[in-house]
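# Structural overview
The lines below spell out each chain.
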Amino acid sequence: MAKLLPSIKSKTVLVLMVKYILIAAFVILFFAVTPAQDKIASTEFEHAVKLYEEQKYDDALLIFFFLLNYLKQIASIQPSVVFKAKILITKNKFYESEKLLKDFLKSSPEEQYIDEARLTLAKNLYEQTFYYPAFKELIVLLLETKSGSYKKDAELYTEAIALNHIDPVQVKPVADSSNTKIKPFLLLLTGKMYLSQNRP
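Residues numbered from 1 in each chain as written. Predicted model: local features only at pLDDT ≥ 70, side-chain atom pairs only at ≥ 80, totals over all residues. Heavy atoms only, no water.

What follows covers the confidence of the model for the protein chain. Scored by pLDDT, the protein chain has a mean of 82; 82% of the residues are at 70 or more. Low pLDDT (under 50) marks residues 1-8, which in the prediction has 18 contacts with non-local residues, meaning those over four places away or in another chain. (pLDDT = per-residue confidence, 0-100. Contact = heavy atoms within 4.5 Å.)

Okay, here's the thing in structure tokens:
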């Protein structure tokens, strides 16, 4: 677990470590989640997301690390798992990221976080050149999502992987066995794949 902590490269990181050790002590001292702790968690989560968006990944990772290890009982920080996994991908720590996301998806997270976790897992697999597993993860997302935006993204990524990295014979069985929700999309995609390869 310690290996996932960012290196102490500056006073800023050292100050953050001390700060989150104190927060951890506060939570341990008052084990039941209080409104004050919930507010602290939400504030720190928002701060970590801001650091992530600014690409200050080491600082953001430190905050997510402490949130997940010492404030994990607070529901509002659930997305910390996904952000931590995204940061690990930027550091080429694919195995740690993949395990984190798979464990998260098995834990029955709130529905609003499942789509982003699954999309991130597909990206992780793609970055490792595991194209067919990434394709299958996107198929699951297409089947399960209720979000129009995630559906659109998943279709775009699925088509890009299919046309550039996998064979039509791998897609056709998936299309044939799929339910009516995504079968038209997959059959059309299979046709595009055969046309792009000039195959019957």
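Here the focus is the packing of aromatic side chains. Any two aromatic rings considered together are summarised by their centre-to-centre distance and by the angle between their planes. Summed over all chains, the structure comprises 8 aromatic pairs. On the basis of an interplanar angle of 75 degrees and a centroid distance of 5.2 Å, the ring pair of Y52 and F83 is categorised as edge-to-face. Here F83 lies in helix α4 (residues 80-90) and Y52 lies in helix α2 (residues 35-53), a separation of 31 residues in the sequence. Of the two residues, Y52 and F83, neither departs from the other in class, the shared state being buried. Ring plane angle 85 degrees and centroid distance 5.4 Å describe the contact between F65 and F66, whose orientation is recorded as edge-to-face. Pair check on accessibility: F65 and F66 agree, each one buried. Members of the aromatic cluster, joined through ring pairs, are F45, Y52, Y57, F64 and F83. (Phe/Tyr/Trp six-rings, centres within 6.5 Å; stacked < 30°, edge-to-face > 60°. Helix = DSSP H or I, 4+ residues; strand = E, 2+ residues; numbered from the N terminus. Buried < 20%, exposed > 50% of the residue type's maximum accessible area, 1.4 Å probe, protein only.)

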